[in-house]
Amino acid sequence: MKTVNDYQEKSDIEKIEAAIKDCCGGTVIIPPRKCKSEPERDYWLIDRAILIPENTTVILKNCKIKLSDKCRDNFFRTANCGMGIEYPEKISNVHIIGEGFCVLEGADHPRATGDGSKKLVCPCPKNKADALRLSEKAPDRYSYYFLDKHSHSYGTDAGNPNESQYGDWRGIGILFANAENCSVRNLHIRNPHGWSISFEACSNGLIENIDFDADMSRFIDGMVQNSENQDGIDIRNGCHNIIIQNITGGTGDDVIALTAIAGKNYLPGGSLQTTHVMHNNWTKREKDIHDIIIRNVIARCKSGECNILRMLPAEAKIYNIIVDGIIDNSPEGFRNRAAVLLGEPDGSYGRNLPDDLYGIAVSNIISKSVFCIVVAGYISDSSFTNIVNLNPECPVFTVDRENGLRNIELSSIVTKGKETVKYK
């Protein structure tokens, strides 16, 4: 067992890296920072991701880790993946455990935010008044706001010819890839640069006791800046045997998303302008998501534009999923887009096919959202029980396709609305 404060390297990240190297596959303790030359700062300020090797447990003890304005990288990443690693090898027994009150916080001036479809702009005004004021000085640069503000996101790398002008997997807070027997526990994540946690091709995993604080914007340099794609937890292609539980707080984008998107164009591992750090050669890895348990979620999408839970199969399958306990805790007068979103219209992600989402058991949902449960694709051989819809202006189920529901059992449904199931 190694404690980071015992090391005297020049920078915070060098101290953490030295402790991890010396523990040789053991346990590393990160307590509050102590430094004689800079006693006023008790938090860790890192310039690059903390890489976790196989058989390593990182324990955070009542500490805060913050990304510096120089950092365009994750908080934590499994050491098997990253830039230029085309085929990340399997890694086992990697864990991040918080003890006490432990915080991961984004940079004051992030170099990049958002996913691979978001172009960087700095400043990136979220409010119309700021966008109008800036567009008077530079109309070609800021007129985008009136078309689609979600096409751009804040980043100080904007305009730098030597840096990617789009977000990517480096903006994910905690990134585990091709890992088995892995866990992330007991953390508060504030203002991430993109998604907070992503598991890709992971198995036998646990994500629990995570609290989020993000709302798809940041107040930076006197202006509300657009900060896109602040999902809470994303479970990606190839994940199975994973438990997600005791999730709280608010996110800018989806709180929890299961996204099995199997693109046809080959991308090697570590490619930029994508949130996938793994390759997508589906002959060499599994593309489906299955055998997942999600329970005890008390949260909301603070931007109001996304969902508490989303399941998106596109050219892949999602099956054998248990969802038990989602409480939409939105304040009075505020609504998420949906408590549960199932599937997606055929489009940029790929096709949703009739047999791609099945074996889903959903129970104990309380929704105040604009939509309670939306079936945008297809779902079959599944059950929904103990669903409470508190929005009188929407049905319990909004079904976008004529044959979107097949062999579905509904029971104990309570709604303030007039309809239980409405087909568009």
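**Looking at the pattern of salt bridges**
- By the definition in use, this model includes 26 salt bridges.
- Across the pair Glu105 and Lys66 runs a salt bridge, and its minimum N-O distance is 2.9 Å. With Glu105 in strand E9 (residues 103–105) and Lys66 in strand E6 (residues 64–67), this residue pair connects regions lying 39 residues apart in the sequence. Comparing Glu105 with Lys66 shows no difference in burial state: the two are buried.
- Between Arg310 and Glu344 there is a salt bridge, with the nearest N and O atoms lying 2.8 Å from each other. Here Arg310, found in strand E22 (residues 307–314), pairs with Glu344, found in the loop between strand E24 (338–342) and strand E25 (357–367); they are 34 residues apart in sequence, far enough to count as distant. Glu344 matches Arg310 in its accessibility class, with the two residues each being buried.
- Salt bridges linked by common partners bring Arg72, Arg111, Asp157, Glu163, Asp168 and Arg170 together as one network.

**Considerations on the environment of Lys287**
- Tracing the backbone shows Lys287 in the loop between strand E20 (256–261) and strand E21 (289–301).
- Spatially, the C-alpha atom of Lys287 lies 29 Å from that of Asp211, the residues being 76 residues apart in sequence.
- If we skip the residues at most four places from it in the chain, Lys287 touches Asn237, Gly238, Ala260, Ala262, Trp282, Glu315 and Ala316.
- A polar side-chain atom of Lys287 sits 3.3 Å from the main-chain carbonyl oxygen of Glu315.

**Overview of helix H2 (residues 128–137)**
- By the burial criterion, the buried members of H2 are Asp130, Ala131, Leu134 and Ser135. In a view along the axis of H2, the buried residues occupy a sector of 130°, so they form one face of it. For H2, the exposed residues lying more than 90 degrees away from the buried face are Lys128, Ala129 and Glu136.

**Remarks on the packing of aromatic side chains**
- Following the criterion strictly, the structure yields three aromatic pairs and no others.
- Between Tyr319 and Tyr358 the ring centres are 5.1 Å apart and the planes differ by 0°, which places this aromatic pair in the stacked class. One end of the pair, Tyr319, is in strand E23 (residues 318–328); the other, Tyr358, is in strand E25, and 39 residues separate them in sequence.
- On the accessibility criterion, Tyr319 (17% relative accessible area) is buried.
- Residue Tyr358 is classed as partly exposed on the basis of its relative accessible area, which comes to 27%.
- Between Phe384 and Phe397, the ring centres sit 5.0 Å apart and the planes meet at 85°, which makes this aromatic pair edge-to-face. With a gap of 13 residues between them, Phe384 in strand E27 (residues 379–389) and Phe397 in strand E28 (residues 397–399) connect regions that are remote in the sequence.
- With a relative accessible area of 1%, Phe384 lands in the buried category.
- Relative accessible area serves as the criterion here: at 1%, Phe397 is assigned to the buried category.
- Looking at Lys284, its charged tip hangs above the ring of Tyr87, at a distance of 4.3 Å from the centre.

**Observations concerning helix H1 (residues 12–23)**
- Between the first and last C-alpha of H1 there are 17 Å, a value that for twelve residues agrees with the 16 Å anticipated at 1.5 Å per step.
- Of all the residues in H1, the buried ones are Asp12, Ile13, Lys15, Ile16, Ala18, Ala19, Ile20 and Cys23.
- Looking at the buried residues of H1, the elements they touch are strand E1 (2–3), strand E2 (27–30), strand E3 (44–46), strand E4 (50–52) and strand E5 (56–61).
- Phi turns positive one or two residues past the end of H1, at Cys24, with a value near 50°.

Thresholds applied
Residues numbered from 1 in each chain as written. Predicted model: local features only at pLDDT ≥ 70, side-chain atom pairs only at ≥ 80, totals over all residues. Heavy atoms only, no water. Salt bridge = Lys/Arg side-chain N within 4 Å of Asp/Glu carboxyl O. Helix = DSSP H or I, 4+ residues; strand = E, 2+ residues; numbered from the N terminus. Buried < 20%, exposed > 50% of the residue type's maximum accessible area, 1.4 Å probe, protein only. Contact = heavy atoms within 4.5 Å. Polar contact = N/O pair within 3.5 Å; in protein donor to acceptor, adjacent residues only side chain to side chain. Arc of directions from axis to C-beta. Phe/Tyr/Trp six-rings, centres within 6.5 Å; stacked < 30°, edge-to-face > 60°. Lys NZ or Arg CZ within 6 Å of the ring centre and 35° of its normal. Expected span 1.5 Å × (residues − 1).

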